[in-house]
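# Summary of the model geometry
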Amino acid sequence: FYMPKAVLAGIIMTAVFGLIDIREAKHLWHVAKPDLVLMAITFAATLSLGIEVGIGVGVAASLLWFVIANAKPHVAVLGRVPNSTIYRNLKRYPDAATTKATIALRIDGPLFFANTAFLSDTVSDLIVSSADKIINVVIDAGAIGSVDASGATALVELGASLRKKGIALWLATVRGPVLDALVASNLYEFVPSERIVARVHDAMERLESSDRQTASKNSGAAA
């Protein structure tokens, strides 16, 4: 109470300077620029509006960014790495082999209300842009950690839409809770249980085996 305000201001300024982490800001600049922006927003709001309001602004901004970032999750078109049973992003593994008439893709993120349209549009664009007539779509769901009601419905509706076009939807590496939500949304009505497999390679093996059998029957009929 009896201390001059200039002394109190000096104490506060010293404490605030101790909270400024330049090294962490530089790290975020190189690793995750969105996190640096969120940090700057929280810092500015706390400095100008107060601690409680500033933290609230930071939390709100983080939630908003989460929705925006996951509205368009990363999608990778997959190919088989040579001499293996592993399927990876074609952009990172240009030598990876693809299967004719089949698109394999991986969705890296949860499925929820904000990205249901993105899922359908992405699959449709891949089918339209393919040089081959697509008859199978294999989705690696290993990176889909969760789905809400809208996400589960969207995936089931995708299976129904593809079936009308004569395209079979396969699901690989589906996590248990995700599969439970899909089954509750009548997944099996449009995607039979035999097209839900443990690995992308399992789906590809079945499709290649089916193609060989069809080719053998056709050659036998021609003879």
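In case you missed it, the structure is sitting above this.
None of these values were measured; they are calculated from a predicted model.

### Structural notes on the overall build of the protein
Counting secondary structure elements, the protein contains 8 helices and 6 strands. Reading the protein from its N end, one meets helices and strands in the order α-α-α-α-β-β-β-α-β-α-β-α-β-α. For the protein, whose C-alpha radius of gyration is 25 Å, the value lies well above the compact-globule estimate of 17 Å for 223 residues. By principal-axis analysis of the C-alpha atoms, the protein measures approximately 105 × 40 × 30 Å.

### Structural notes on the nonpolar core
Judged by nonpolar contacts, the single largest core of 29 residues is most densely connected at Val137, Ile139 and Leu171. Contributions of two or more residues to this core are made by strand 3 (102–108), helix 5 (116–129), strand 4 (136–140), helix 6 (149–164), strand 5 (168–172) and helix 7 (176–184). Ranked by residue count, the leading element in this core is helix 6, at 6 residues. Leu78, Tyr87, Val197 and Ala203 belong to the second-largest nonpolar core, a separate cluster that totals 13 residues.

### Considering unusual backbone geometry
Positive phi outside glycine occurs at alanine 101, with the angle close to 70°. Despite not being glycine, asparagine 186 shows a phi value in the positive range, around 70°. With respect to the helices, strands and loops of the structure, asparagine 186 is situated in the loop between helix 7 and strand 6 (196–197).

### Side note on the side chain of threonine 102
Residue position: threonine 102 is located in strand 3. Judged by its relative accessible area of 10%, threonine 102 is buried. The residues touching threonine 102, leaving out its near neighbours within four places in the chain, are Ile134, Asn136, Val138, Met204 and Leu207.

### Let's talk about the sheet that holds strand 2 (residues 87–89)
Spatially, the 6 strands line up as an open sheet ordered 2-1-3-4-5-6, and their pairing is mixed. Whereas interior strands pair on both sides, the edge strands pair on one side only; in this sheet they are strand 2 and strand 6. In the sheet, strand 4 pairs with strand 5 via 5 bridges, with the strands oriented parallel. Looking across to strand 5, one finds that isoleucine 139 is bridged to leucine 171. Contacting strand 1 (74–80), strand 3 and strand 4, helix 5 runs over the sheet at an angle of about 150° to strand 3.

### Focus: the packing of aromatic side chains
Two descriptors summarise a pair of aromatic rings, namely the distance from one centre to the other and the angle between the planes of the rings. In the structure shown here, the tally under the stated rule is 2 aromatic pairs. The interplanar angle of 35° and the centroid separation of 6.2 Å between the aromatic rings of phenylalanine 66 and phenylalanine 112 together place this pair among those described as tilted. Note that phenylalanine 66 is positioned in helix 4 (residues 51–71) and phenylalanine 112 in the loop between strand 3 and helix 5, a separation of 46 residues in sequence. Ring geometry for phenylalanine 112 and phenylalanine 113: centres 5.2 Å apart, planes at 85°, overall edge-to-face. Using a relative accessible area of 10% as the deciding quantity, one classes phenylalanine 112 as buried. Clustering of aromatic rings is evident, with ring pairs tying together Phe66, Phe112 and Phe113. When the ring centre of tryptophan 29 is taken as origin, the NZ or CZ atom of lysine 33, which lies over that ring, is 4.7 Å away.

### Points about the pattern of salt bridges
This model, assessed by the stated rule, comprises 2 salt bridges. Notably, a salt bridge pairs aspartate 202 with arginine 199, separated by 3.0 Å at the nearest N-O pair.

### Comments concerning the environment of alanine 149
Within the secondary structure, alanine 149 sits in helix 6. Classification of alanine 149 by relative accessible area gives exposed; the value is 60%. In this structure the C-alpha to C-alpha distance between alanine 149 and threonine 173, which are 24 residues apart in sequence, comes to 20 Å.

### Focus: the layout of surface pockets
Empty space within the largest pocket amounts to approximately 370 Å³. Those elements giving two or more residues to the lining of the largest pocket turn out to be helix 1 (5–19), helix 2 (22–31) and helix 3 (33–49). Counted by class, the lining of the largest pocket contains 11 nonpolar, 2 polar and 1 charged residues.

Conventions and cut-offs
Counting of residues starts from 1 at the beginning of each chain's written sequence and follows it residue by residue. Only residues with pLDDT of at least 70 are given local features in this predicted model, and only at 80 or more are side-chain atom pairs given and counted; all residues enter the totals for whole chains, interfaces and linings. Water and hydrogen atoms were dropped before computing side-chain values, which therefore reflect all heavy atoms in the structure. Under the DSSP-based scheme used, a helix requires at least four consecutive residues in state H or I and a strand at least two consecutive residues in state E, with every element numbered from the N terminus. Atoms considered for the radius of gyration are the C-alpha atoms alone. The globule rule reads 2.2 Å times the number of residues to the power 0.38. Put simply, buried Ala, Val, Leu, Ile, Met, Phe, Trp, Tyr and Cys residues joined by side-chain atoms within 4.5 Å make one nonpolar core. For every residue, the accessible area (1.4 Å probe, protein chains only) is compared with the maximum for its type, and the residue is labelled buried under 20%, exposed over 50%, or partly exposed between those bounds. Contacts are assigned to residue pairs that have any heavy atoms within 4.5 Å of one another. Paired strands are those between which DSSP finds at least two bridges. Only the stretch in contact is used when a helix axis is fitted, and all axes are lines through C-alpha atoms; the angle between N-to-C directions ranges over 0 to 180 degrees. The rule is short: rings of Phe, Tyr and Trp, with Trp giving its six-membered ring, pair when the centres are within 6.5 Å, and they are stacked under 30 degrees, edge-to-face over 60, tilted in between. We call a charge positioned over a ring when the NZ of a Lys or the CZ of an Arg lies within 6 Å of the ring centre and within 35 degrees of the ring normal. A pairing counts as a salt bridge when a side-chain nitrogen of Lys or Arg comes within 4 Å of a carboxyl oxygen of Asp or Glu. Put simply, the grid is 1 Å and covers the protein atoms alone, a cavity is a trapped set of points that fit a 1.4 Å probe, a pocket is an open set with protein on both sides within 12 Å along at least five of seven lines, and lining residues have an atom within 4 Å of a point. Grid points are joined across faces, edges and corners, and a volume is the space filled by probe spheres set on the points. For this classification, Asp, Glu, Lys and Arg are treated as charged, while Ala, Val, Leu, Ile, Met, Phe, Trp, Tyr, Cys and Pro are nonpolar and the rest, including Gly, are polar.

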